[in-house]
Amino acid sequence: MFILVNLKAYPCDPIEVSTAARDVAEESGVRIAVSPQAADLRRVADTGVETWAQHVDPNDYGSHTGSTLAEAVAEAGAAGTLINHSEKRLKLADVDGSVRAAERAGLETCVCANNPAQVGAAAALGPDSVAVEPPELIGGDDSVATADPDIVRDAVEAAGEVDESVEVFCGAGISTGDDVDAAGDLGATGILLASGVAKADDPRAALEDLVEPL
Ligand SMILES: O=C[C@H](O)COP(=O)(O)O
């Protein structure tokens, strides 16, 4: 199971979370990555934790002021990137372009989707993984794995019908090891979460709880 901690734009200390994630990953053997603000990528990567961008744009080098260039993200130390997060939605052509840009830069890709139908469409673009997240559960206390288990099962099925090599992650409201366990039982091979760690009083304790059943 892969645990991907998205720090969004929360006012947490990215280095505190990243150091804790690095240590918990080393102690548990569980793959854990942190996805900070673009401006924090390099110093997060310097902690030694696996580092992901929250977004890359579809453009190549050139006259693209304000863009997040995949090559710059990779150069800063990122190993992967989210694309089309629920809070950073793109047009379909730009999702495709961002996946291609990330591949060009050697980044692992996870395309986010609201529902199983979108998961199928996202899987057709050939990312390494897709993540299903019902928007109404994002940032809440109810885990997608218990509040809406069918969406995870259906997402796994939808991705598998398109391309069995595409991993399926799930996210929204996941904050405990029991939630991670339940998501795994539904067929998810990764967890995308944010507030359960980024807003925790003790991020290390939150991470230790998440990996406890793994
Ligand atoms: O990127 C993370 C997801 O949007 C889930 O956020 P959450 O764990 O705060 O519900």
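Residues numbered from 1 in each chain as written. Predicted model: local features only at pLDDT ≥ 70, side-chain atom pairs only at ≥ 80, totals over all residues. Heavy atoms only, no water.

Observations regarding the pairing of strand 1 (residues 2-6)
Right, so step 1: Of all 5 residues making up strand 1, 5 are buried, and the element is well covered by its neighbours.
Right, so step 2: By the bridge criterion, 5 bridges tie strand 1 to strand 2 (residues 31-35) in an arrangement that is parallel. From the neighbouring strand, phenylalanine 2 faces strand 2, where its bridge partner is arginine 31.
Right, so step 3: Alignment of strand 1 against strand 8 (residues 190-193), held across 4 bridges, turns out to be parallel. The partner of isoleucine 3 across the bridge, within strand 8, is isoleucine 191. (Buried < 20%, exposed > 50% of the residue type's maximum accessible area, 1.4 Å probe, protein only. Helix = DSSP H or I, 4+ residues; strand = E, 2+ residues; numbered from the N terminus. Pairing = 2+ DSSP bridges.)

A look at the pattern of salt bridges
Right, so step 1: Summed over all chains, the structure comprises 12 salt bridges.
Right, so step 2: Residue aspartate 23 pairs with arginine 22 through a salt bridge whose shortest N-O separation is 2.9 Å.
Right, so step 3: Judged by its relative accessible area of 16%, aspartate 23 is buried.
Right, so step 4: Taking the shortest distance from any N to any O, the salt bridge between arginine 104 and glutamate 71 comes out at 2.8 Å. You can see arginine 104 sitting in helix 4 (residues 92-104) and its partner glutamate 71 sitting in helix 3 (residues 70-75), a full 33 residues away along the chain.
Right, so step 5: You can call arginine 104 partly exposed: its relative accessible area is 39%. (Salt bridge = Lys/Arg side-chain N within 4 Å of Asp/Glu carboxyl O.)

So, helix 7 (residues 149-162)
Right, so step 1: Under the 1.5 Å per step criterion, the end-to-end length of helix 7 is 21 Å for 14 residues, consistent within 8% with the ideal 20 Å.
Right, so step 2: All of the buried residues in helix 7 are Ile151, Val152, Ala155, Ala158 and Ala159. For helix 7, the angular spread of buried residues about the axis comes to 125°, placing them on one side.
Right, so step 3: If you follow the buried residues of helix 7, they end up packed against helix 5 (116-123), strand 6 (129-132), helix 6 (144-147) and strand 7 (167-171). (Expected span 1.5 Å × (residues − 1). Arc of directions from axis to C-beta. Contact = heavy atoms within 4.5 Å.)

With respect to the site of the ligand
Right, so step 1: The environment of the ligand is formed by Asn6, Lys8, His85, Glu133, Ile138, Gly139, Ala172, Gly173, Leu192, Leu193, Ala194 and Ser195.
Right, so step 2: Here an oxygen atom of the ligand and a backbone polar atom of glycine 173 are 2.8 Å apart.
Right, so step 3: Here the ligand loses 100% of its free accessible area of 310 Å² to cover by the protein chains.
Right, so step 4: Partitioned by chemical class, the residues of the shell around the ligand number 5 nonpolar, 5 polar and 2 charged. (Near = heavy atom within 4 Å. Polar contact = N/O pair within 3.5 Å; in protein donor to acceptor, adjacent residues only side chain to side chain. Areas by Shrake-Rupley, 256 points an atom, 1.4 Å probe, with all protein chains shown as cover. Nonpolar A, V, L, I, M, F, W, Y, C, P; charged D, E, K, R; others polar.)

Some words on the UniProt feature "binding site: substrate" (unreviewed entry) in the protein chain
Right, so step 1: As annotated in UniProt, the feature "binding site: substrate" (unreviewed entry) corresponds to Asn6, Leu7, Lys8, Ile138, Gly173, Ala194 and Ser195 in the numbering used here. Separation in sequence by 190 residues is not matched in space for these annotated residues, since their most distant C-alpha atoms are only 14.3 Å apart.
Right, so step 2: Mapped onto the elements, leucine 7 comes out in the loop between strand 1 and helix 1 (14-28).
Right, so step 3: Ignoring any residue separated from it by four or fewer positions in sequence, one finds leucine 7 in contact with Cys12, Pro14, Val17, Val34, Ser35, Pro36, Gln54 and Ala198.
Right, so step 4: Not counting residues up to four positions away in its chain, the partners in contact with isoleucine 138 are Lys8, Ser86, Glu87, Glu133 and Ala172. (UniProt positions renumbered as here; feature names shortened; annotations may be inferred.)

Some points on the pairing of strand 6
Right, so step 1: Burial of the side chains of strand 6 extends over both faces: Ser129 and Ala131 are buried on one face and Val130 and Val132 on the other.
Right, so step 2: With 4 bridges joining them, strand 5 (residues 108-113) and strand 6 adopt parallel strand pairing. Across the sheet, residue cysteine 110 finds its bridge partner in strand 6, namely serine 129.
Right, so step 3: Where the polypeptide runs from strand 5 across helix 5 and back to strand 6, its parallel neighbour, the crossover connection is right-handed.
Right, so step 4: Sheet topology note: the strand 6/strand 7 ladder contains 4 bridges and is parallel. Directly across from alanine 131, in strand 7, lies its bridge partner phenylalanine 169. (Right-handed = clockwise from strand over helix to strand, strands pointing away.)

Some points on the UniProt feature "active site" (unreviewed entry) in the protein chain
Right, so step 1: Feature annotation in UniProt places "active site" (unreviewed entry) on His85 and Glu133, given in this structure's numbering. The named residues occupy 49 residues along the chain; their greatest pairwise C-alpha distance, 8.9 Å, places them in one compact cluster.
Right, so step 2: Within the secondary structure, histidine 85 sits in the loop between strand 4 (80-83) and helix 4.
Right, so step 3: With respect to the helices and strands, glutamate 133 occurs in the loop between strand 6 and helix 6.
Right, so step 4: You can call glutamate 133 buried: its relative accessible area is 5%.
Right, so step 5: Residues within four places of glutamate 133 in sequence aside, it is in contact with His85, Ser86, Ala113, Asn114, Ile138, Gly171, Ala172 and Leu192.
Right, so step 6: A polar side-chain atom of glutamate 133 sits 3.3 Å from a polar atom in the side chain of histidine 85.

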